[in-house]
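Inside the fold
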Amino acid sequence: MPRKKTITPKAGQRQLRIGEELRHALAEIIADNSLSDPDLVGRMVTVTSVKISPDLRNATIFILPFGGGDAEIVVRALNRAAGYFRGELAHAVEMRVSPQLRFKIDDSFDEASRIEKLLHDPVVRADLAKKPDPEAEE
């Protein structure tokens, strides 16, 4: 029998609070630069957000490397070191279970730039500047 599709609700207050705690703790851990991975040594990384599952057992960490560079290499290196980060988080944040970590590139800034560029396009500006025709409404 096929499973009924369930709609996942928005993140609850607890998920948001714990996600923010994890974000702050991970930012400090990464800033310590105590990693020996050559792809991470000397790299500055911004932890933009953490999305945690409702059962608090899985967390997706969205990052952006400073200065651009090859973000894919940094993400792969961070995912290789996920066990180390999980152990450090277990000491930094008091939780029953330390969540499994998965790092991803945060592309929300690219999407915002794309939308901003579209809004400043002359064709779109002209379309937005048009006043509605009062006769068309009747």
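The structure this text deals with has already been given above.
Just so it is clear, the model here is predicted, and its values are computed rather than measured.

What counts, and where the lines are drawn
- Residues numbered from 1 in each chain as written.
- Predicted model: local features only at pLDDT ≥ 70, side-chain atom pairs only at ≥ 80, totals over all residues.
- Heavy atoms only, no water.
- 1 Å grid on protein atoms, 1.4 Å probe; cavity = no way out; pocket = protein on both sides within 12 Å on 5 of 7 lines; lining within 4 Å.
- Points joined across faces, edges and corners; volume = space filled by probe spheres on them.
- Buried < 20%, exposed > 50% of the residue type's maximum accessible area, 1.4 Å probe, protein only.
- Helix = DSSP H or I, 4+ residues; strand = E, 2+ residues; numbered from the N terminus.
- Pairing = 2+ DSSP bridges.
- Salt bridge = Lys/Arg side-chain N within 4 Å of Asp/Glu carboxyl O.

Moving on: empty space enclosed by the protein. Under the counting rule described, the total for this entry stands at one cavity of 30 Å³ or more. Here the largest cavity is characterised by a volume of approximately 30 Å³. As for the largest cavity, its lining consists of Ile30, Asn33, Leu35, Leu40, Arg43, Val45 and Leu78.

In terms of residue burial, strand β2 (residues 58-65) counts as a mostly covered element, since six of its eight residues are buried. With seven bridges connecting them, strand β1 (residues 45-52) and β2 associate as antiparallel partners. Across the sheet, the residue bridging to Lys51 is Thr60, located in β2. The antiparallel hairpin formed by β1 and β2 contains five residues in its connecting segment, where Leu56 sits at a positive phi of about 65°.

Should their charged atoms come close, side chains of opposite charge can pair. Tallying each qualifying case throughout the model produces four salt bridges. A salt bridge links Arg17 to Glu21, with the nearest nitrogen and oxygen atoms 3.2 Å apart. With Arg17 and Glu21 both in helix α1 (residues 13-31), this residue pair falls four residues apart, about one helical turn. On the accessibility criterion, Glu21 (35% relative accessible area) is partly exposed. Taking the shortest distance from any N to any O, the salt bridge between Arg23 and Glu20 comes out at 2.6 Å. In this pair, Arg23 and Glu20 are both assigned in helix α1, three residues apart and thus about one turn of the helix distant. Judged by its relative accessible area of 35%, Glu20 falls in the partly exposed class. The structure contains a network of salt bridges with shared partners spanning Asp37, Asp39 and Arg80.

Read these as geometric descriptors, not functional statements.
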